[in-house]
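For reference, the chains in residue letters:
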Amino acid sequence: MARRTRVKICGITRLQDAHLAQELGADSLGFVFVPASKRYLKPDAAAAIVSQLSPFVTPVGLFLDAAVDDVNRVLSLMPSLVPQFHGQESADYCEQFGRPYLKAMGVGSAGTVPSEAQLSPYRRALGFLFDSHEPGQLGGTGEAFDWSRLGARMHKPLILAGGLNVNNVEHAIRQTAPYAVDVSSGVEQAKGIKDPEAMRDFLEAVRRADRQPD
């Protein structure tokens, strides 16, 4: 069976960008609920966009060590939203919401990849997202990390992020064979403003990589 790498386009702030990403074949759209981020979107605004998405496009909400009440409010607005936790959240914290989630792991400048023992407590995690940011921080830096450090020991889907763009995503897919790739700054005109041509080129690069023999 041919490989199909899923694509998540993160940092969506505008309805037109969400619509185009969906039309181009993105599997998931990411919304940032971290007020300090320049890609922050108020929950009500995100909910208005999510309400217009296809039922086959998964909305994902990014949180960073957020107050429990804040997460619950966002989840109540968007029942289909998958939370993605980027901070130092424990497995108990992530699992208290009773909803499958994604856990982001920052590789950081040291290039340290969490061990299986560190990942295993996150039992309800749908997958683990590895990004180039420092542990406990938010991604979207535009910097890549050494993908070869990931190895092949993952027992849950691997989502690859960090500095991906049209020029390197094919190599990244061939090297790591991820379940999905996650792009934000690599398809932007400005923070939170997507570039239609860059999104189109990125999706096509992913499809080219999938057509290559293993």
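Rules and cut-offs
- Within each chain, residue numbers correspond to sequence positions counted from 1 in written order.
- Only residues with pLDDT of at least 70 are given local features in this predicted model, and only at 80 or more are side-chain atom pairs given and counted; all residues enter the totals for whole chains, interfaces and linings.
- Side-chain descriptors were evaluated using all non-hydrogen atoms of the structure, hydrogens and water having been removed beforehand.
- Here a helix means four or more residues in a row that DSSP labels H or I, a strand means two or more in a row labelled E, and each is numbered from the N terminus.
- Relative accessibility decides the category of a residue: with a 1.4 Å probe and only protein chains considered, values under 20% of the type maximum give buried, values over 50% give exposed, and everything between is partly exposed.
- In this analysis, two residues are considered to be in contact whenever any of their non-hydrogen atoms come within 4.5 Å of each other.
- Residue-level accessible areas treat just the shown protein chains as cover; the underlying method is Shrake-Rupley with a 1.4 Å probe.
- Strand pairing requires that DSSP identify at least two bridges connecting the strands.
- Axis lines are fitted through C-alpha atoms, for helices just across the contact stretch, and the angle between N-to-C directions can take any value from 0 to 180 degrees.
- The term salt bridge refers to a side-chain nitrogen of Lys or Arg lying within 4 Å of a carboxyl oxygen of Asp or Glu.
- Here, the term right-handed applies to a crossover whose path from the first strand over the helix to the second runs clockwise when the strands point away from the viewer.
- Working rule for handedness: look at the near helix, and if it is turned counterclockwise from the far one by less than a right angle, call the crossing left-handed; if clockwise, right-handed.
- Note on residue categories: nonpolar means Ala, Val, Leu, Ile, Met, Phe, Trp, Tyr, Cys or Pro, charged means Asp, Glu, Lys or Arg, and polar means any other residue, Gly included.

1. Side note on the overall build of the protein
- For the protein, the count of helices and strands is seven helices and ten strands.
- A total of 214 residues make up the protein; the buried ones form 52% of that total.
- Of all intrachain contacts in the protein linking residues separated by at least 6 positions in sequence, the fraction that spans at least 24 positions is 61%.
- Accessible area for the protein stands at about 9800 Å²; split by element, carbon and sulfur atoms hold 50% of it.

2. Some remarks on the sheet that holds strand S4 (residues 82-85)
- Around the barrel, which closes on itself, the eight strands sit in the order S1-S2-S3-S4-S5-S6-S7-S8 with parallel pairing between neighbours. Within this sheet the neighbouring strands show an average axis-to-axis angle of 25 degrees, counted without direction.
- Pairing between S4 and strand S5 (residues 101-106): two bridges, direction parallel. Counted as the bridge partner of Phe85 is Lys103 from S5.

3. Concerning the pattern of salt bridges
- Evaluated as defined, the whole model comprises 13 salt bridges.
- Residues Arg39 and Glu188 are paired through a salt bridge, measuring 2.7 Å at the closest nitrogen-oxygen approach. Here Arg39 is found in the loop between strand S2 (28-32) and helix H2 (43-50), whereas its partner Glu188 is found in strand S9 (residues 188-190), with 149 residues between them in sequence.
- The closest approach of N and O atoms between Glu204 and Arg211, which form a salt bridge, is 3.0 Å.
- Shared partners join several salt bridges into a network, and the residues in it are Arg3, Arg207 and Asp210.

4. What about the pairing of strand S8 (residues 180-183)?
- Neither face of S8 is open: one carries Ala180 and Asp182, the other Val181 and Val183, and all of them are buried.
- A crossover links strand S7 (residues 158-160) with its parallel partner S8, the connecting element being helix H6 (residues 169-176), and its sense is right-handed.

5. Details of the packing of H6 against helix H7 (residues 196-211)
- Between H6 and H7, the least distance of the axes is 8 Å, while the angle of their chain directions is 35 degrees. Here H6 runs over H7; the crossing is right-handed. In this structure, H6 contributes Val169, Glu170 and Ile173 to the contact, and H7 contributes Phe202, Ala205, Val206, Arg208, Ala209 and Asp210.
- Each residue belonging to the contact of H6 with H7 can be placed in one class, and the counts come to six nonpolar, no polar and three charged.

6. Let's talk about unusual backbone geometry
- One non-glycine residue with positive phi stands out, namely Asp65, at about 50 degrees.
- Residue Asp65 is classed as partly exposed on the basis of its relative accessible area, which comes to 43%.
- For Ala177, which is not glycine, the phi torsion reads 45 degrees and is therefore positive.
- Note on placement: Ala177 falls in the loop between H6 and S8.
- According to the relative accessible area criterion, Ala177 is partly exposed, its value standing at 47%.

Treat this as a map of the structure, not an account of what it does.
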